[in-house]
Amino acid sequence: MASITIRNLDEHVKTGLRTRAAVHGCSMEEEARRILRSAVEADVVPADLVASIRARVEPLGGVELVLPPREPVREPPVFS
């Protein structure tokens with residue numbers, strides 16, 4: 001597995017990473033891995049937009065719409 005080193009990291013970023021790691025009960029290194037993994041996975045574009053939307057909305061339940069009855073087509077206006 002490849003290794004990376006991140007230099008010149010701002011102190012407030014290191015403090016935030018240390019705090020997040022403590023909250024999640026893991027090392028700073030593991031917390032950085034989790035953050036990077038989630039950022040990379042978020043960039044994956046779903047292959048089917050309709051399926052993606054349906055998967056997000058379906059757990060909320062359906063809606064029954066009351067459709068008005070259809071009427072005959074009206075006569076077009078006369079311009080004379």
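Refer to the structure presented above.
For the structure given in this document, a descriptive report is provided here. Quantities reported herein were computed from a predicted structural model and do not represent experimental measurements.

1. Some points on the environment of V44
Looking at the element boundaries, V44 is found in the loop between α2 (28–42) and α3 (49–57). Look at V44 and you get exposed, because its relative accessible area is 60%. Between the C-alpha atoms of V44 and R70, which are 26 residues apart in sequence, the distance is 44 Å.

2. Concerning the environment of S52
Among the secondary structure elements, S52 is positioned in helix α3. A relative accessible area of 31% places S52 in the partly exposed class.

3. Observations concerning a nonpolar patch on the surface
Residues I4, I6, L9, V13 and L36 make up a contiguous nonpolar surface patch of about 460 Å² in total accessible area. You can see I6 is positioned in the segment before α1 (11–24). Residue classification places I6 among the exposed residues on the basis of a relative accessible area of 56%.

4. Considerations on the pattern of salt bridges
Here the structure, examined in full by the defined rule, presents 5 salt bridges. Across the pair R33 and E30 runs a salt bridge whose closest N-O atoms are separated by 2.8 Å. Here the residue R33 and the residue E30 both occupy positions in helix α2, the gap between them amounting to 3 residues, near one helical turn. Salt bridges linked by common partners bring E29, E30, R33 and R34 together as one network.

5. Description of α3
Of all 9 residues making up α3, only 0 are buried, and the element is barely covered by its neighbours. You can read the cap of α3 off the contacts: a side-chain oxygen lies 3.3 Å from the backbone nitrogen of V50, and it is on D48.

6. Remarks on unusual backbone geometry
In this model, N8 sits at a positive phi of 60°, which is unusual for a non-glycine residue. Within the secondary structure, N8 sits in the segment before α1.

7. A short note on the side chain of E31
Positionally, E31 belongs in helix α2. Excluding residues within four positions of it along the chain, E31 makes contact with L17, R20, A21, H24 and C26.

Conventions and cut-offs
- Residues numbered from 1 in each chain as written.
- Predicted model: local features only at pLDDT ≥ 70, side-chain atom pairs only at ≥ 80, totals over all residues.
- Heavy atoms only, no water.
- Helix = DSSP H or I, 4+ residues; strand = E, 2+ residues; numbered from the N terminus.
- Buried < 20%, exposed > 50% of the residue type's maximum accessible area, 1.4 Å probe, protein only.
- Patch = residues over 30% accessible without salt bridge, like charges linked within 9 Å, V, L, I, M, F, W, Y side chains within 5 Å.
- Areas by Shrake-Rupley, 256 points an atom, 1.4 Å probe, with all protein chains shown as cover.
- Salt bridge = Lys/Arg side-chain N within 4 Å of Asp/Glu carboxyl O.
- Polar contact = N/O pair within 3.5 Å; in protein donor to acceptor, adjacent residues only side chain to side chain.
- Contact = heavy atoms within 4.5 Å.

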